[in-house]
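Residue-level structure breakdown
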Amino acid sequence: MMYLRTFLVLALVAVASAFAPVPKASGVKSLAMGEGYVPDGLSAAQWAAIQKKEANAAAANKKKFKNKRFETLDEWNIARTKANPNAPGAGHRFVKLKYDMEDESNFTRNTPRAADGM
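Values in this document were obtained by computation on a predicted structure and should not be read as measured data.

1. Topic: the overall build of the protein
When helices and strands are counted, the protein shows six helices and zero strands. N-terminal to C-terminal, the α/β element order of the protein is α-α-α-α-α-α. Counting every position in the protein, which comprises 118 residues, the buried fraction comes to 4%. Summed over all atoms, the accessible surface of the protein reaches about 11,700 Å², with 63% contributed by carbon and sulfur.

If you want it as structure tokens, here you go:
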């Protein structure tokens, strides 16, 4: 009977300790956790300078396009119908080419397959 009582007390203590809160870690941090990410081959100052340069470039790019107004599809359609009345499908806008089409090597690279006879 004594063994059974001891076993039950130990089992109760084991179950209670499983649900006990975990003690918090000490306040000492390693240096790697406090510094953040720094790529290999760069110092922290070099990495900070690169990040600052990229942030300034992104802010300048955002400022460049901030006040630019883009034409909506409805506005484009109204202007096209006014310019070409009674001519459905007229007034298309075509994409600008990336390559000089006078050069034969560029022409063959950009020609659709149907035009190549495939």
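2. Considerations on the packing of aromatic side chains
Throughout the structure, instances matching the rule amount to one aromatic pair. Their ring planes at 85° and their centres at 5.8 Å tell us that Tyr37 and Trp47 sit as a pair that is edge-to-face. Of the two residues, Tyr37 sits in the loop between helix H2 (31-35) and helix H3 (44-64) while Trp47 sits in helix H3, which places them 10 residues apart along the sequence. For Tyr37, a relative accessible area of 62% corresponds to the exposed category.

3. Comments concerning the side chain of Arg80
Locating Arg80 in the fold gives a position in helix H4 (residues 73-83). Only 3.0 Å separates the side chain of Arg80 from the side chain of Asn77, close enough to count as a polar contact. Setting aside residues up to four positions removed in sequence, Arg80 forms contacts with Gly89, Ala90 and Gly91.

4. Observations regarding the environment of Trp47
Separated by 10 residues in the primary sequence, Trp47 and Tyr37 place their C-alpha atoms 9.0 Å from one another. Residues contacting Trp47, with those up to four places away along its chain left out, are Tyr37, Val38, Pro39 and Leu42.

Scoring rules and cut-offs
- Residues numbered from 1 in each chain as written.
- Predicted model: local features only at pLDDT ≥ 70, side-chain atom pairs only at ≥ 80, totals over all residues.
- Heavy atoms only, no water.
- Helix = DSSP H or I, 4+ residues; strand = E, 2+ residues; numbered from the N terminus.
- Buried < 20%, exposed > 50% of the residue type's maximum accessible area, 1.4 Å probe, protein only.
- Areas by Shrake-Rupley, 256 points an atom, 1.4 Å probe, with all protein chains shown as cover.
- Phe/Tyr/Trp six-rings, centres within 6.5 Å; stacked < 30°, edge-to-face > 60°.
- Polar contact = N/O pair within 3.5 Å; in protein donor to acceptor, adjacent residues only side chain to side chain.
- Contact = heavy atoms within 4.5 Å.

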